[in-house]
Structure formats: C-alpha cells, structure tokens
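# Commentary on secondary and tertiary structure
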Amino acid sequence: MATGTSQPGEAVPAGPVPAVAGPAGAGRDLASLGPGPTSPELAEASGGPGPAGLYEAGEARSHGSVLRLSLQTFVENKLAIAGLAILVLLVLFCFVGPHLYVTNQKSLNPAISNYPPSSAHPLGTDGEGFDVLGRLMVAGQSSLEIGMAAGVAAAIWGTLYGAVSAVAGGVIDAVMMRIVDTLYSLPTLFLLILLSAIFAPNLPLMIIVLTFVAWLGPARLVRGEALSLRTREYVEAVKVAGGTRSRIVVRHIVPNAIGTIMVNTSFLIADAILALAALSYLGLGLPDTTPTWGGMLSNGTTVIFDGYWWQLYPAGVAIVLTVVAFNFIGDALRDSLDVRLQRR
Amino acid sequence: MTGYILRRTLQSLIVLLMVTMVMFVLFHLLPGNPAKAELGPKAQPATIAAFDKLEGLDRPVWDQFWLYLDHLAHGNLGFSYVQNASVALLFAQRFPKTVLLLGLATVVAIAIAIPLGVMQAVRRNKAEDYFFTGASFVFYSFPTFWLGIILIEIFAISFHLLPPFAPSGDSVTQILAHGRGLVLPVMTLALISIASYSRYMRSSMIDSLAQDYIRTAKAKGVSQRAILLRHALRNSLIPMATLVGLSVPGVLSGAVITESVFNYPGVGLLFVQAAQSDDFPILLGLTLVAAVGVILGNLLADIAYAVLDPRIRY
C-alpha cells in the first residue's frame, strides 16, 4: 500500500496527492492526477472512506433516502446553493430567454454588422449582423446540452465500467484497468484534437468524442470505491444468498458510490464545456451553423484589435459562470458527502 | 526500493506498448484509409498502391504493427507529406522551445503557489484565504485561450507594456533574445497552474499542521517560524513534488492552447497546425510523444513519492 507505515489515525493523504476540498480544479486533477497509471494499489487507496461510510450497514438504502440525504446536505451548503442558483438562471436565460427576447439568428445581416451596444441591441451585433444577446441564448443551449450530455454519459459509462471491473476482479479487472491506464496516458486535449481531426464531428459525434475522453476518471474512481465496497459484509451476504454479479453492481455498488459519482459528474460537465470551447478556438469545434459559447468566444478573439469588446466578453463570462457553477456544486457536494472532511 | 522501481518501470513499458497499439489502430481508422487521408481524396489508384507498398500497408496487420514498432525503435515517428519532413525532425526542432516555455511557467507557478498555499493554510478561513480560494476557482474555470487574450488586451493593447505575440525564432537563444515576448505566454500558463498548485499546497499544509509532531514542537516551545518552515513545510512539499510529475498532461494541453494564442513556434503549435491541415502523421507521432511524457511524469512522481517520504516502504 502506498501509505506504508504511517501511524493509525494519522491523516494520510490518499494516493500521492492528498484529496483536497479544493476548487474544482482539484476535482479535475484528481481525475488526471489521481493514482498514476498501472498502480492499482494507489487507485484502491484513493477510493477512501467516501460517502459509503454514511450508511455502513445492510443493503444500500432505497433510492428515496439517497436523494433525500443528498438534498439535505445540499441545502445546508451555501456554495451549492449559489452554484445551483447561477445554473438555474443560466438555463432560464438560454431556454426561456429566446421566447421573450426574439431575435433573428438564422439569416446573415451584414448591414448591421459590428454595431456597438445600443437600446436596440443591448450587447451589440457580431461580424455577421447577429444580435449578440440573442445569440448568447441560442449558443448557450447547445453548449449546455453538449456539456451535460457528455458529462452524464461519461459518468454512466465510467461508473458501469469501473464497477464491473472491480466486481469481476482478476485478469478481467487487470485488462480493463490497463486499458484505462493506456488511454489516460494520452493528454486529453491531444486526444480530443486527434479525434476531432479524424472524425470532423457534428453535434452527436461531438458528444461522443467528449464522452470518450471523459469516462476514464469516473471509471477509476468508481473502481476504487467498488473495491472497498465489494468486501463489505452485505455484499458477501448477497453472494452467499446466490445474488448475481449484475445484481451486486446495480443494486449495491452503484447506489453506494452515488455520492462520488454525482460529485464527479458535475466536474465532468464543467470540463466538457471547457473542452468544447478549446476545440472551437482551435478551429476544430462545431460549424457556425450550430452556435456555441466557445465558437462565439473564439470569433470574438479575432476582433480584439478592432476594439469590439462586446463580441468577446459576454460568451467568456457565460462560460466561466457555468463552469464555476458546476464546480461549486461538485465541490459542495463532496464537502457534505465526505465524512473525512466534516470531521476537520 | 530497487524492486519497486523496476516493477513500476516495467508497468510503464507495458502501458507504452499499449499506447503504440492505440496509435496503430487510430492510424487505420483514418477517414477513408491512410493512403487517401494523406494523399488526398483525388489520389490515383496507382499512387495509392505505391503509397501502400512504401508504407508497408499491403502486408498483413501483424507485420505492419511489427514494422511500426521497428520504426519507432529507430526513432522514426512517421513522415509528414504536408510539410515534407520527418515528424521526428520537426519535433526535434521545436521541442527545446516548448521545454523552455513549460519550464519557465512551471518554475514561476511553483515559486508563487507554495508561499501562497502556506499563507492560506496559516490564515485558514480568514478573509485572504477566501479571496485566493475564490480567485483560484475563477482561474480554474477560465478557458485558457481567453485568459491569454485578456492578458494581451491588458498588457499589450491597453498599456503597451509587452508585445502581444511570442518571439519567433529557430532556436532557444533567438527566443531568449526577445525575452519580453515570453512574459505573457508564461504568465498565462503559470496562472492556471498556480490555481491548482496553491490549492494542493494549502490542503497539504493544513494536513501537516494537524499532525501530532507539530503539537509536540509547539509544546517544546519551538518558534512559530521554525514550526512552519522546518516541520510543516518540508513535509507538505512531498505531495507537491509528485504533483508536478502528475500534472504533465494538463501542462501539455495548456501548452497547445497557449502556443496557439501567442503564435509561439513550439510543439503545441505544430500539433494544432497539423490538425487544421489534416496532417495525420504529425498528429499521431506527437500524441505518442506526449504519451511518453505523461508516462514518464507518472513514473517519476511515483518514484519521487517513495524516495522523498521515508515512511513509505514498498
């Protein structure tokens, strides 16, 4: 074990780097910085006590009580509420806004291109004559949809992969985790650029590509969690009672790891939105017919020397707000669910 | 210890072998087929056949993989038909410049993040701790390229203090001759790293300060300064040493973006330009090199962790 001969009761960093209640970034890094490749022992250690410690005995509680518990801890946390409030406002802005503030986002209108903010166009117009405020709403729809779809898909696939790997054990586990190690050795952005260059993604394909680079983190986290869960008495009891492996995964491991998964999903969504923006900037994102915040922002970077600031800042602020909101939510969830941190 | 290092190195080599397999599979997933992807959609059948023969693509798959490994072993990363140069040569020309950029950024980031993290740990839950925690949240949520652009707007366009573009040049010395141009790219990369490094330093330091030996030192009457520097800081630096090794993938990704923003002639810019011109040999070759960097970083981090902390025995 990585923790070697440290004293009992001593706060031991999980893995080479201590688990931090840090910004979010930390969350992202736990995924990429976590246990190095090919060190299953470390992966095991980083599973840590986690939220599982909250309900140690017996079968995983019913779905209702997990939800209630999460809800309760959530409400107690100001950061979480702040993050959630930002997110609700952004969603209303993007999905309800266009019905209240109707603009033409379909046909180019060069006659009114690059207008500064005015009462007719509160955030001005862009180089193609689109109203920036209206475009911000429409672009937000695709950015949020793609980010959430990729984040959730990666969490689900990663969770199942990690849980199956841990429960299967032995050679299957080793092979499955070496595959994760291998893909982990490819820096995310390199892999994203490579895949985007090969597949020239449209919207659904973009979600798949973003999912493909994001599922490794949850797979490792959940496997670590599952390794500690599978030796619990109640899982042993299911085995003795003749329960199938799929029952163990779906009814026991996944519900008990749900806290870890939820925390991670929220970071994954934040990362996916940032990754999409980076791809747009590098000219490998979606075509302008599908406006995204990243696309708007990267178009805005081409006109900074002209002083058209209204084309640069709104989309950037929207991205940062969204990512901060998801990071707040994830961080707050981890703080409330992680019993280790509550003690401090 | 030697046994652990050997075992760990062997594991890394296995992962490396699997990475080459992934690259090999991706090469065969290229749109259409490798020949069309590299020669263009209008390539004549005879040209394609000649290309396939030249690259060994007419042979059985296992032969091809073996040939690929053989090439790699001889330092042959592929040939860019777009740039008409070998990938290894292009890489060798630009690698020192990227190392310069990343090295400077990492040094700056560590030099700022460590004192910042210590300060936040000592002043935990006070106003300044909250301020820097908030700041690191925001910086972490910044698209890297936008941060670079904002720095350009402030320091180059508004105040004319620094050039908006990185120095270009064939060698590191030429770039250093125009060192002012490096300030903004280094700042961009460092700001993002500081956001995460300082968080780890803060929590690592808080961990250390809660240890029994700190209480003992206090009870002995050791001065606050000595406790912080000799007892807490030194132990908190162990995870930081590994963190630097483990942050290779993040730093490499940051380099790709930063080099694009500032038009810095490094490996990252080469990679992005290759992606924009569908130059797949460069993309595959450089991804493999990046993977080697990540694997090495992980390996060194694990070894450093074992070497630095005498409590850890394998």
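Residues numbered from 1 in each chain as written. Chains lettered and ligands numbered in written order. Predicted model: local features only at pLDDT ≥ 70, side-chain atom pairs only at ≥ 80, totals over all residues. Heavy atoms only, no water.

## Some words on the pattern of salt bridges
Residue and element names in this part refer to chain A. Enumeration over the complete set of coordinates arrives at seven salt bridges over all chains. Salt-bridge contacts for Asp-173 lead to Arg-223; the nearest nitrogen and oxygen are separated by 2.8 Å. Taken as a pair, Asp-173 in helix 6 (residues 170–184) and Arg-223 in helix 9 (residues 216–229) lie far apart in primary sequence, 50 residues in all. Comparing Asp-173 with Arg-223, the two get one shared label, buried. Across the salt bridge formed by Asp-181 and Arg-178, the nearest N and O atoms sit 2.8 Å from each other. Taken together, the residues span about one helical turn, with Asp-181 and Arg-178 both in helix 6 at a distance of three residues. Within this structure, Arg-178, Asp-181 and Arg-220 form a network of salt bridges that share partners. (Salt bridge = Lys/Arg side-chain N within 4 Å of Asp/Glu carboxyl O. Helix = DSSP H or I, 4+ residues; strand = E, 2+ residues; numbered from the N terminus. Buried < 20%, exposed > 50% of the residue type's maximum accessible area, 1.4 Å probe, protein only.)

## So, the nonpolar core
Formed by 170 residues in total, the largest nonpolar core has its most connected members in Ile-193 and Trp-293 of chain A together with Leu-283 of chain B. Not counting the four nearest positions on each side in its chain, Ile-193 of chain A is found in contact with Leu-279, Leu-282 and Leu-284 of chain A together with Val-256, Phe-271, Ala-275 and Leu-283 of chain B. (Core = buried A, V, L, I, M, F, W, Y, C linked by side-chain atoms within 4.5 Å. Contact = heavy atoms within 4.5 Å.)

## Focus on the domain arrangement of chain B
All names here are of chain B. Structurally, chain B comprises domain 1 (2–87) and domain 2 (92–313). Computed over C-alpha atoms, the centres of domain 1 and domain 2 are 32 Å apart. Its largest share of buried area at the contact with domain 2, domain 1 owes to Arg-8, Met-23 and Val-87, together 25% of the area lost on that side. At the boundary of domain 1 and domain 2, one finds one salt bridge. Between Arg-8 and Asp-302 there is a salt bridge; the shortest N-O distance is 2.7 Å. At the junction of domain 1 and domain 2, the tally comes to one residue pair in polar contact (both at pLDDT 80 or more). Secondary-structure elements contributing two or more residues to the side of domain 1 that touches domain 2 are helix 1 (2–28), helix 2 (34–39), helix 4 (61–73) and strand 1 (79–80). A breakdown of the residues in the side of domain 1 that touches domain 2 according to their chemical character gives 18 nonpolar, five polar and two charged. (Domains from an automatic or database assignment. Buried area = accessible area lost by both parts, 1.4 Å probe. Polar contact = N/O pair within 3.5 Å; in protein donor to acceptor, adjacent residues only side chain to side chain. Nonpolar A, V, L, I, M, F, W, Y, C, P; charged D, E, K, R; others polar.)

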